[in-house]
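# A look at the structure
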Amino acid sequence: MPMSSLPAAILSHMIAVSNVPPPPLRSIPNLQKSKNIDYGELNALCHMRGKQHSRTNILSAHNVFMKQYPKIFVQKKVRLPKLFKEEEKRIPAEVTEESKPPQPDDSHNIAIHVKKARGGRTLYGPKKYEETVVQFMAILKKLPIHRTPFEHNIVWKMLKTIPDLTSQLLDEHLKILSKNVISETWIKGSTVIGNDGFYIILKGLARPQTQIYKNLIEEHDSTTSFIPQSFHSFVFSEDIRNPLLTGVGHTLGQWSTFGTLEVAAHIEPETKEYSVVTEEDCEILKIPANNYAKLKTEKTKLENQHKVKLIHKCPYYVEWPTLSIYELVTFTKWKKFPPGHVIVESGNIISFVAYINSGYCKIYRNIIGFTKLQSRKVKKIQKHVYMGRLNEKESFGEISVLLQVPFTCTIVTGEDVEMAIIEDKDLHALDPVTKQLMLQTAKPTFGHLSDEDVKKEYLQKEQKREWKSFKDTTVKNSLYHNGIIPGFGKWDHSYCSIRRHLKDTLISY
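Residues numbered from 1 in each chain as written. Predicted model: local features only at pLDDT ≥ 70, side-chain atom pairs only at ≥ 80, totals over all residues. Heavy atoms only, no water.

Labelled according to an unreviewed UniProt entry, the protein appears under the name Cyclic nucleotide binding domain containing 1, originating from Capra hircus.

The residue tryptophan 255 is not glycine, and still its phi comes out positive at about 70 degrees. Here tryptophan 255 falls in the partly exposed class, since its relative accessible area comes to 22%. Although it is not a glycine, lysine 393 adopts a positive phi angle of roughly 60 degrees. Within the fold, lysine 393 resides in the loop between β12 (378-390) and β13 (395-396). Classification of lysine 393 as partly exposed rests on a relative accessible area of 25%. (Buried < 20%, exposed > 50% of the residue type's maximum accessible area, 1.4 Å probe, protein only. Helix = DSSP H or I, 4+ residues; strand = E, 2+ residues; numbered from the N terminus.)

Position of threonine 166 among the secondary structure elements: in helix α7 (residues 163-166). Excluding residues that lie within four positions of it along the chain, threonine 166 makes contacts with Leu159, Lys160 and Leu174. (Contact = heavy atoms within 4.5 Å.)

A few words on the pairing of strand β11 (residues 361-372). As judged from the twelve bridges shared by β11 and β12, these two strands associate in the antiparallel manner. Bridging from a neighbouring strand, lysine 372 pairs with valine 378 of β12. Where β11 folds back on β12, the antiparallel hairpin that results is connected by five residues, among which arginine 376 adopts a positive phi of roughly 60 degrees. The pairing of β11 with strand β14 (residues 410-413) spans four bridges and is antiparallel. Across the sheet, lysine 362 pairs through a bridge with valine 412, a residue of β14. (Pairing = 2+ DSSP bridges.)

There is a patch of like positive charges on the surface, built from Lys157, Lys160, Lys175 and Lys179. Residue placement: lysine 157 occurs in helix α6 (residues 149-159). (Patch = residues over 30% accessible without salt bridge, like charges linked within 9 Å, V, L, I, M, F, W, Y side chains within 5 Å. Areas by Shrake-Rupley, 256 points an atom, 1.4 Å probe, with all protein chains shown as cover. Salt bridge = Lys/Arg side-chain N within 4 Å of Asp/Glu carboxyl O. Lys, Arg positive; Asp, Glu negative; His and termini not counted. Charge placed at Lys NZ, Arg CZ, Asp CG, Glu CD.)

Glancing now at the pattern of salt bridges. Two side chains that carry opposite charge are able to pair once their charged atoms sit near each other. Within the structure shown, the criterion is met by eleven salt bridges. Among the salt bridges present, the one from aspartate 196 reaches lysine 286, with a minimum N-O distance of 3.0 Å. In this pair, aspartate 196 is assigned in the loop between β2 (191-193) and β3 (197-203) and lysine 286 in strand β7 (residues 282-288), connecting sequence segments 90 residues apart. The exposure class of aspartate 196 is partly exposed, given its relative accessible area of 35%. A single network of salt bridges, built from pairs that share partners, joins Lys333, Glu423 and Lys425.

This part covers the packing of helix α9 (residues 289-313) against helix α10 (residues 322-329). Interaxial distance between α9 and α10 falls to 10 Å at its minimum, and their mutual angle equals 120 degrees. Considering the angle they form, α9 stands oblique to α10. Both α9 and α10 take part in a crossing whose hand is right-handed. In this structure, α9 uses Asn304, Lys307, Val308, Ile311 and His312 to contact α10, whose residues at the interface are Thr322, Ile325, Tyr326, Leu328 and Val329. (Axes fitted to C-alpha atoms, helices over the stretch in contact; angles between N-to-C directions. Parallel < 35°, antiparallel > 145°, perpendicular 65-115°, else oblique. Left-handed = near helix turned anticlockwise from the far one by under 90°.)

Okay, the nonpolar core next. Counting residues in hydrophobic clusters, the biggest one holds 42 residues, and the most contacted among them are Leu328, Tyr355, Phe396, Ile411 and Met419. Once you skip the residues sitting within four places of it in the chain, methionine 419 turns out to touch Lys333, Trp334, Lys335, Phe337, Ile343, Ala354, Tyr355, Ile356, Asn357, Cys361 and Phe396. Met137, Val155, Leu169 and Phe198 belong to the second-largest nonpolar core, a separate cluster that totals 24 residues. (Core = buried A, V, L, I, M, F, W, Y, C linked by side-chain atoms within 4.5 Å.)

Here the focus is the confidence of the model for the protein. When the pLDDT values of the protein are averaged, the result is 76; 70% of them are 70 or greater. Here residues 121-126 is modelled with pLDDT under 50, and outside its nearest four sequence neighbours on either side it reaches six contacts, counting other chains as well. Across residues 500-509 the pLDDT falls below 50, and counting only partners more than four positions away or on other chains, this stretch makes four contacts in the model. (pLDDT = per-residue confidence, 0-100.)

Structure (structure tokens):
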């Protein structure tokens, strides 16, 4: 291509490029305005100008800006709770102003205003308690099978407020009994005989017909008769032939109790020992004695199963027949011992056979040792040597009780220990076959240890103790000789505090 045609080509290209239309403009998406910002105040703040000729004008412009800045944020409006107006009740024409009882002034009572504002219950305690009692009595009208778990829980909580029950029944037992309680209605003048259950007066008044007082659960748990706290002031007298409390003037009111939880066949149906006479229509809660007897039977059954497993897992009773173990279970009792309790000392005969359910016991043997006195003399003393321990699911005391052989060791509890024990009088009452089986399988507690084993163990522990004492003394003397005292190292002090006679011992490199 000749040189003259090059500028013409460039010119024609530029003309062609300039004739190309520009690309179409894209639409900008609309921005969503924030609901928390006042754009009018923001625009006014952005166009604010301050004079900047002097430092004073700059500071004043800054202060004006900071005062206007919080106004760009929209403040939420505070809405007060709506007050509900109580509609006035229409007064019948027959009721005049004079016959109306005076209404209390509740204008200054905050409880009423809270109820109107929130629509909830009042803050009055007695009214809430009365509502709970009404709900409780309504639940008792239902059959136990028709009550919900929530209703059963309400009944249980209400029974927990009665001292006569909580003072003598476990909480878990009371919870089980609460699922089967019922309510009975008795008209005025009725005689309520409480020999088949435990009764609680929910509404009305009654008059007792007995002066006898017994506990609900006695120490031996053989009887479960119960006359309420309201009867505590009465004393039985053989001179009184008429059991009726005529002229005494004592009555049972709401939450008073009477009756018994003992199921006894010898109690006659017409007995007045636990009976009361209603002075007015009464609502009475009843806990059937049969339910409590069933609860005790199930509790005894579970305890016996646990005792059978405990005895069967002990080494001496693994191969015992179940029938013989059940014979032992009938005489076993639970007993707890605190830590450090001496169960039996060496040379004494133990009074029971024990099966460890939880915890452990330490075994000590006695030995005559020598101790050095300050006057360079030696004195003989009796020392206890730790030889081992008895753990869970182990037993002891069989040979000592049956053969009346003294213990060769001392047993001390190492922590809280729970045992199932059989007293010596009950063990001797067993049949000869069971006692002979126990003598054949059981062995003396740590009877395999001889006097030589005890001496060897004692010497080893004494050597360890003396070596530890010698080692500690030697190390302490060595450190103190070089000026090193525990707790007073040179890292806690400056070099100027080092004593003069110790500076020469420092090595400088």
